[in-house]
Amino acid sequence: MSKYYRDRVAVVTGAGSGIGRALCKALAADGAKVWATDLDAKAAQATAETIGQPERHRHLDVTDAAQFEEVIDSIWTEEGPIDLLFNNAGIAVIGHYHEMSLADFNRLIDVNLRGVFHGVQAIYPRMMARGSGHIVNTSSVSGLIPAPGFTAYSATKHAVVGLSRGLRLEAQKHGVRVSAICPGFIDTELAQNADYRGIDGEAARKASPIEFGTPEACARDALKGVAKNQGEIVVTAHAKAMVAAHKHTPRIFGALARAGVKRSEK
Ligand code: NAD
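Everything in this summary refers to the structure shown in the same document. Note that this is a predicted model, so its numbers are computed, not measured.

**Considerations on the site of the ligand**
Phase 1 of the analysis: Neighbouring residues of the ligand: 29 residues in total, closest Ser 17, Ile 19, Asp 38, Tyr 153 and Thr 188.
Phase 2 of the analysis: For the ligand, an oxygen atom lies 2.6 Å from a polar atom in the side chain of Tyr 153.
Phase 3 of the analysis: With respect to the ligand, the backbone of Ile 186 contributes an N or O atom lying 2.8 Å from an oxygen atom.
Phase 4 of the analysis: Isolated, the ligand exposes 830 Å² of accessible area, and the fraction of that covered by the protein chains is 92%.
Phase 5 of the analysis: Elements with a contribution of two residues or more to the shell around the ligand: helix H1 (18–29), helix H5 (151–171) and helix H6 (190–193).

Pasting the structure below:
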């Protein structure tokens, strides 16, 4: 249990499922006042009820900058200053780059990247004015290394790392912290809800030698890193191994990654 979260006000996007819901549970267990937000309003409400904070939920589509601003404003007015914003909502479109459409790219960019910019836009000036706060952006291990079969998704996650790295350095003098969470494969709804282009998602999952992490362990490890104010928090042993392999033996990493995609081709 970390004292970092006790009595803090935290807002989580994409809180209706998976890692977002697990973050809410772990934050609440550590004594935070947690606002669960999601595109799926009922799922956000279910999370709020699960964590025993049934009034603290909002419908929020992160692609809508005006709505993000309104939600942040209403929580700030009702609850007081927001200490932590977790820009966690995300989607996946998985497959060969050449089989993906412009609509696929735009949807990924809208949710995974613009959604994070919208969150920062809504909260950062308020945190700056107050001289404190922590923005936590969910990227992915694929935001740190190449990910064939996930190239477009990975591009949005690299951008989230880029945003987080730069803003972290800029924000420091204003008393605002910025971290990026970079999980490996986690057992959530993301893969089931993903759209696939030329890749059989089920086959990919079955063929993968990687043991998926649980959302609960992911949230716990991520929150430990956030409390220590780490810039990039790589979660799961396999994600750490991938980052190290890419750094030290990039050719072997590339061969293994290509073989992984080949196994899941339709
Ligand atoms: P999930 O599908 O279980 O949960 C995602 C949540 O985001 C859902 O509740 C969904 O309703 C919500 N959402 C989708 N579009 C939204 C929008 N426009 N506005 C607001 N909410 C929206 O997936 P997850 O695995 O928990 O993903 C959470 C984050 O973790 C994502 O950013 C994802 O890219 C990232 N991530 C996941 C994995 C993994 O293996 N599951 C690995 C690395 C990173």
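**Let's talk about the packing of helix H4 (residues 102–130) against H5**
Phase 1 of the analysis: Between H4 and H5, the least distance of the axes is 8 Å, while the angle of their chain directions is 15 degrees. Between H4 and H5, the crossing angle belongs to the class labelled roughly parallel. Crossing geometry of H4 relative to H5 is assigned as right-handed. For the pair H4 and H5, the contacting residues are Phe 105, Leu 108, Ile 109, Asn 112, Leu 113, Val 116, Phe 117, Val 120 and Tyr 124 in the first and Ala 152, Tyr 153, Thr 156, Lys 157, Ala 159, Val 160, Leu 163, Leu 167, Glu 170 and Ala 171 in the second.
Phase 2 of the analysis: Broken down by class, the residue content of the contact of H4 with H5 amounts to 15 nonpolar, two polar and two charged.

**A few points about the environment of Gly 260**
Phase 1 of the analysis: Tracing the sequence through the fold places Gly 260 in helix H10 (residues 250–263).
Phase 2 of the analysis: Through-space distance from the C-alpha of Gly 260 to that of Gly 162 is 26 Å; in sequence the pair is 98 residues apart.

**Topic: the side chain of Thr 188**
Phase 1 of the analysis: Within the secondary structure layout, Thr 188 lies in the loop between strand S7 (176–183) and H6.
Phase 2 of the analysis: Polar side-chain contacts of Thr 188 include one of 3.1 Å to the backbone nitrogen of Leu 190.

**A look at the packing of aromatic side chains**
Phase 1 of the analysis: Throughout the structure, instances matching the rule amount to five aromatic pairs.
Phase 2 of the analysis: With a centroid separation of 4.9 Å and 25 degrees between ring planes, the pair formed by Tyr 97 and Phe 105 is classed as stacked.
Phase 3 of the analysis: Look at Tyr 97 and you get exposed, because its relative accessible area is 51%.
Phase 4 of the analysis: Ring centres of Phe 150 and Phe 185 lie 6.1 Å apart, and the angle between their planes is 65 degrees; on these two criteria the pair is classed as edge-to-face. Of this pair, Phe 150 sits in the loop between strand S6 (133–138) and H5 while Phe 185 is found in the loop between S7 and H6, placing the two residues 35 residues apart along the sequence.
Phase 5 of the analysis: You can call Phe 150 partly exposed: its relative accessible area is 23%.
Phase 6 of the analysis: Site record: aromatic cluster; members linked through ring pairs are Phe 150, Tyr 153, Phe 185 and Phe 212.
Phase 7 of the analysis: Over the face of the ring belonging to Tyr 4 we find Arg 8, whose NZ or CZ atom lies 4.9 Å from the ring centre.
Phase 8 of the analysis: Over the face of the ring belonging to Trp 76 we find Arg 126, whose NZ or CZ atom lies 5.4 Å from the ring centre.

Cut-offs and rules
- Starting from 1, residues in each chain are numbered consecutively following that chain's sequence as written.
- Only residues with pLDDT of 70 or above have their local features reported here, since the model is predicted, and side-chain atom pairs are shown and tallied only from 80 upward, although totals for entire chains, interfaces and linings are computed over all residues.
- The basis for the side-chain values is all heavy atoms of the structure; hydrogens and waters are excluded.
- Any residue with a non-hydrogen atom lying within 4 Å of a molecule or strand is treated as near it.
- Here a polar contact is recorded for every N or O atom pair within 3.5 Å, except that within protein the pair must consist of a potential hydrogen donor and a potential acceptor, and residues adjacent in sequence are included only if both atoms are side-chain atoms.
- With residues, only the protein chains shown are counted as cover, and all accessible areas are computed by Shrake-Rupley using a 1.4 Å probe.
- Numbering of helices and strands starts at the N terminus; helices are DSSP runs of H or I of at least 4 residues and strands are runs of E of at least 2.
- Axis definition: a line fitted to C-alpha atoms, limited for helices to the stretch in contact. Angles are taken between N-to-C directions and run from 0 to 180 degrees.
- Under this scheme an angle from 65 to 115 degrees is roughly perpendicular, one under 35 degrees roughly parallel, and one over 145 degrees roughly antiparallel; angles in between are oblique.
- Here is the rule for handedness: rotate from the far helix to the near one, and if that takes an anticlockwise turn smaller than a right angle the crossing is left-handed, while a clockwise turn gives right-handed.
- Note on contacts: a residue pair is in contact if any heavy atoms of the two residues lie within 4.5 Å.
- Only Asp, Glu, Lys and Arg are considered charged, only Ala, Val, Leu, Ile, Met, Phe, Trp, Tyr, Cys and Pro nonpolar, and every remaining residue, Gly among them, polar.
- Two aromatic rings, drawn from Phe, Tyr or Trp (for Trp, its six-membered ring), form a pair once their centres lie within 6.5 Å of each other, and the interplanar angle then sorts them: stacked below 30 degrees, edge-to-face above 60, tilted otherwise.
- Burial classification: accessible surface area is computed with a 1.4 Å probe over protein chains only, and a residue below 20% of its type maximum counts as buried, one above 50% as exposed, and the rest as partly exposed.
- Over a ring means this: the NZ of a Lys or the CZ of an Arg is within 6 Å of the ring centre and within 35 degrees of the ring normal.

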